[in-house]
Amino acid sequence: VLDATCVPVAGLSLSGEIALSDMAPEGVLPSDGDGHRGSAFRLGFDLAPTALAAGGRQLGRVRFSGTYRQIGSGFATFEPIDRAASEGRWGWIPESERGDERLGEVALEYAPRPGIRLDMGYGRRSGDRPAARREVGVGVSGVRGWDGHYRHEAILEGDGVFSRQRLGVSTTLWKVRPSFRFVQEEIGR
């Protein structure tokens, strides 16, 4: 694995990673007759300029990020490709069913003032299990000691739609910080 990150100017980060594999997923030969092995790569960017202002008025902060990833059908790893924290973003896909996969995602986050965040994201995946993914969310923190967030995600795969809504609330009561999470998931056509 070879990875690198570059910050050409303040507020812009570019990253990339490439990996080669001699191992083969079950049922796939590790090398064709010409010696080609499995490969995967990822490219990403993160644009987070300083605070926005117009006419001397502060408009908040914006952040735009994206990633593109391609995994060849002959690529295999010792570890899962997606870490547990992000595995469910595209539904639960066994490593053996990934095949030749291309995935691209973009996200936009806007914080009009400290403690308030709005964000949205979109992604597409092609390969053996093509899908599209949309999400939108809002978060509020520090309002009289309360924090809260709401997120709606939809994964469209074939004729079906997997929808997930999450709501979280937390506060401080004396020296204890209880939090409540509500998650609703449904599958529809």
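Cut-offs applied
- Residues numbered from 1 in each chain as written.
- Predicted model: local features only at pLDDT ≥ 70, side-chain atom pairs only at ≥ 80, totals over all residues.
- Heavy atoms only, no water.
- Salt bridge = Lys/Arg side-chain N within 4 Å of Asp/Glu carboxyl O.
- Helix = DSSP H or I, 4+ residues; strand = E, 2+ residues; numbered from the N terminus.
- Buried < 20%, exposed > 50% of the residue type's maximum accessible area, 1.4 Å probe, protein only.
- Polar contact = N/O pair within 3.5 Å; in protein donor to acceptor, adjacent residues only side chain to side chain.
- Contact = heavy atoms within 4.5 Å.

So, about the pattern of salt bridges. Inspection of every chain in the model, using the stated rule, returns 15 salt bridges. Two residues, Asp147 and Arg177, come together in a salt bridge whose shortest N-O distance is 2.4 Å. Of this pair, Asp147 sits in strand β9 (residues 146-157) while Arg177 is found in the loop between β10 (160-171) and β11 (179-188), placing the two residues 30 residues apart along the sequence. Judged by relative accessible area, which is 25%, Asp147 ranks as partly exposed. Three or more residues joined by partner-sharing salt bridges are found here, namely Glu105, Arg117, Asp119, Arg133, Glu135, Arg151, Glu153, Arg164, Arg166 and Glu185.

The next point concerns the side chain of Glu101. Note that Glu101 resides in strand β6 (residues 101-113). In terms of polar contacts, Glu101 uses its side chain to reach the side chain of Arg69, at 3.2 Å. Apart from residues lying up to four places away in sequence, Glu101 is in contact with Arg69, Gln70, Ile71, Arg125 and Ser126.

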